[in-house]
Amino acid sequence: MERIPVDGGTLEGESLGSGEPVLLIHGSILADAWAPLVKEQALASKYRLINYHRRGFAGSVRHSGPFSLANQAEDARAVLKHFGIERAHVVGHSYGGCTAVQLALDAPEMVCSLSLLEPALMGLIPSGPAFSEAIAPLAAAYSAGDQVAALDGFLQAVSGPDYRANTDKTLPPGWFDLALADFDTFFPVELPALGAWDFSRDDAKQINVPTLSVLGAESDPSFSEVVAVIQEMWPGTETYVLPGATHALQMMNPGDMATALAAFLGRHPM
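Residues numbered from 1 in each chain as written. Predicted model: local features only at pLDDT ≥ 70, side-chain atom pairs only at ≥ 80, totals over all residues. Heavy atoms only, no water.

Student: How should the side chain of Ser213 be read in this particular structure?
Tutor: Considering the arrangement of structural elements, one finds Ser213 in strand E7 (residues 211-216). Here Ser213 is in contact with Leu116, Val227, Ile230, Thr237, Glu238, Thr239 and Tyr240, once residues within four sequence places are set aside. (Helix = DSSP H or I, 4+ residues; strand = E, 2+ residues; numbered from the N terminus. Contact = heavy atoms within 4.5 Å.)

Quick look at the structure:
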């Protein structure tokens, strides 16, 4: 991967293929969450895929303390500028979906379309407080030094009890060890930033681009609430239910995910 200058250091990033540019923004914990998708020819043969490791992941610069969603969006802008891209389709998964939304709010001229794969809009859904309560014991385990239990517990909570067997099939070898090495980015940095994110329905009115909302057919019901909120905020949103997938979406069913994304982007060319 290339080194991309950002405030405070560099990020890792790569540009794959040719065609209209598509920025891929991964979620928390799993740096290589897009690795299965970028191999799928339904998408890779038609588009220029921009894939990068966010701050705190893999070989990108580490961060401690507050780092807001607006800061994440600034990093995303820096990635696009590094590759000479003025405007792109933006695809975000989980925490990366929130970053994609913030990017569309802060730099609308750079965003042609949004594809939101179960973004972590927990502050806008009815079961958001219950989600926070559910992960409180995991935060306690992390604080007590049991990072393996905290990591495993969180991935089970959002991606199902069989997440390890499912993702072992598609992610690069050693992905769990990498996630463990990156885990200090989650509880101390990203969760507080997500809690402080003040994105509202009024903010959503400022975003007017074609939007795709993706839901895993086997995902936790809270993500159905997220899809409903997205449809409320952007009434013209297209919704796609990815078969055979939980929140690990493109890691469990990269083929159908790539086909659906390519179809959506094809309906909304730059």
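Student: Would you mind showing me how to read helix H5 (residues 147-159) here?
Tutor: Residues that lie three or four places apart on an α-helix share one face, since the helix turns once every 3.6 residues. If you check H5, its first and last C-alpha atoms are 18 Å apart, about what 13 residues at 1.5 Å a residue would give, namely 18 Å. The set of residues buried in H5 consists of Ala150, Leu151, Gly153, Phe154, Leu155, Val158 and Ser159. Elements in contact with the buried residues of H5: helix H4 (128-143), helix H6 (163-168), helix H7 (175-182), helix H8 (186-196) and helix H10 (221-233). Directly after H5, the chain includes Gly160, whose backbone phi takes a positive value near 95°. (Expected span 1.5 Å × (residues − 1). Buried < 20%, exposed > 50% of the residue type's maximum accessible area, 1.4 Å probe, protein only.)

Student: When you look at the packing of aromatic side chains in this model, what are you seeing that I'm missing?
Tutor: Between two aromatic rings, the relevant description is the distance of the centres plus the angle of the planes. One pass over the full model with this rule turns up 10 aromatic pairs. Ring centres 4.6 Å apart and planes at 55° place the aromatic pair Phe154 and Phe186 in the tilted group. Taken together, the residues Phe154 in helix H5 and Phe186 in helix H8 connect sequence positions 32 residues apart. Among the residues examined, Phe186 registers a relative accessible area of 4% and is labelled buried. On the basis of an interplanar angle of 15° and a centroid distance of 5.8 Å, the ring pair of Phe183 and Phe186 is categorised as stacked. The exposure class of Phe183 is buried, given its relative accessible area of 0%. Taken together, the ring pairs in this structure connect Tyr142, Phe154, Phe183, Phe186 and Phe187 into an aromatic cluster. The residue whose ring lies beneath Arg164 is Phe176, and the NZ or CZ to ring-centre distance is 4.2 Å. (Phe/Tyr/Trp six-rings, centres within 6.5 Å; stacked < 30°, edge-to-face > 60°. Lys NZ or Arg CZ within 6 Å of the ring centre and 35° of its normal.)

Student: Just to check I follow, could you spell out the nonpolar core for this structure?
Tutor: Generally speaking, a soluble globular protein has its nonpolar side chains buried in company with each other. If you look at the biggest cluster of nonpolar residues, it comprises 49 residues, and the most contacted ones within it are Leu23, Phe199 and Trp234. Setting aside residues up to four positions removed in sequence, Trp234 forms contacts with Val101, Leu116, Phe199, Ala204 and Ile207. With 46 residues, the next largest nonpolar core counts Tyr163, Phe183, Phe187 and Leu242 among its residues. (Core = buried A, V, L, I, M, F, W, Y, C linked by side-chain atoms within 4.5 Å.)

Student: Any chance you could explain the sheet that holds strand E5 (residues 88-93) here in plain terms?
Tutor: Pairing between the strands of a sheet is mediated by backbone hydrogen bonds and can be parallel or antiparallel. Ordered by their spatial adjacency, eight strands build an open sheet running E1-E2-E4-E3-E5-E6-E7-E8, and the pairing between neighbours is mixed. With one partner strand each, in any of the chains shown, strand E1 (2-6) and strand E8 (238-242) form the two edges of the open sheet. Here the average twist between neighbouring strands, direction ignored, is 25°. As judged from the five bridges shared by strand E2 (residues 9-16) and strand E4 (residues 47-53), these two strands associate in the antiparallel manner. (Pairing = 2+ DSSP bridges. Axes fitted to C-alpha atoms, helices over the stretch in contact; angles between N-to-C directions.)

Student: Is there a simple way to think about helix H3 (residues 95-106) in this case?
Tutor: In a regular helix each residue adds 1.5 Å, so 12 residues correspond to 16 Å; H3 covers 17 Å between its end C-alpha atoms and thus fits that length. Taking burial as the measure, the 12 residues of H3 include 11 buried ones, the bulk of the element. Buried within H3 are the following residues: Tyr95, Gly96, Gly97, Cys98, Thr99, Ala100, Val101, Gln102, Leu103, Ala104 and Leu105. In this structure, the buried side of H3 is in contact with strand E3 (20-25), helix H2 (69-82), E5, strand E6 (111-117), H8 and helix H9 (201-204).

Student: Looking at this structure, how should I read the packing of H4 against H8?
Tutor: Each pair of packed helices can be described by the angle between their axes along with the distance between the axes. Running from N to C, H4 and H8 cross one another at 145°; their axes reach a closest spacing of 11 Å. On the side of H4, the interface is formed by Ile135, Leu138, Ala139 and Tyr142, while H8 contributes Phe187, Pro188 and Leu191. Here the contact of H4 with H8 is built from residues that sort into seven nonpolar, no polar and no charged. (Nonpolar A, V, L, I, M, F, W, Y, C, P; charged D, E, K, R; others polar.)

Student: Looking at this structure, I do not really get the pairing of E1. What am I missing?
Tutor: For a regular strand, the rule is simple: side chains alternate between the two faces of the sheet. Inspection of the sheet shows E1 paired to E2 by five bridges, in the antiparallel sense. When the bridges of E2 are listed, Arg3 appears paired with Glu12. Counted between consecutive antiparallel strands, the loop separating E1 from E2 contains two residues, among which Gly8 sits at a positive phi close to 95°.

Student: Quick question: what am I supposed to make of the pattern of salt bridges here?
Tutor: A full pass over the atoms with the stated rule returns eight salt bridges. Across the salt bridge formed by Asp168 and Arg164, the nearest N and O atoms sit 3.9 Å from each other. Here Asp168 pairs with Arg164, and both are found in helix H6, just four residues apart, close to one helical turn. (Salt bridge = Lys/Arg side-chain N within 4 Å of Asp/Glu carboxyl O.)

Student: I keep staring at the pairing of E4 and nothing clicks. Help me out?
Tutor: Counting buried positions over the seven residues of E4 gives six, a clear majority of the element. Alignment of E3 against E4, held across five bridges, turns out to be parallel. Paired with Leu24 across the bridge in E4 is Asn51.

Student: What is the right way to look at the side chain of Ser222 in this model?
Tutor: Assignment of secondary structure puts Ser222 in helix H10. Classification of Ser222 by relative accessible area gives buried; the value is 9%. A polar side-chain atom of Ser222 sits 2.8 Å from a polar atom in the side chain of Asp220. Residues contacting Ser222, with those up to four places away along its chain left out, are Ile125 and Ser127. (Polar contact = N/O pair within 3.5 Å; in protein donor to acceptor, adjacent residues only side chain to side chain.)

Shape descriptors only; they carry no functional weight alone.
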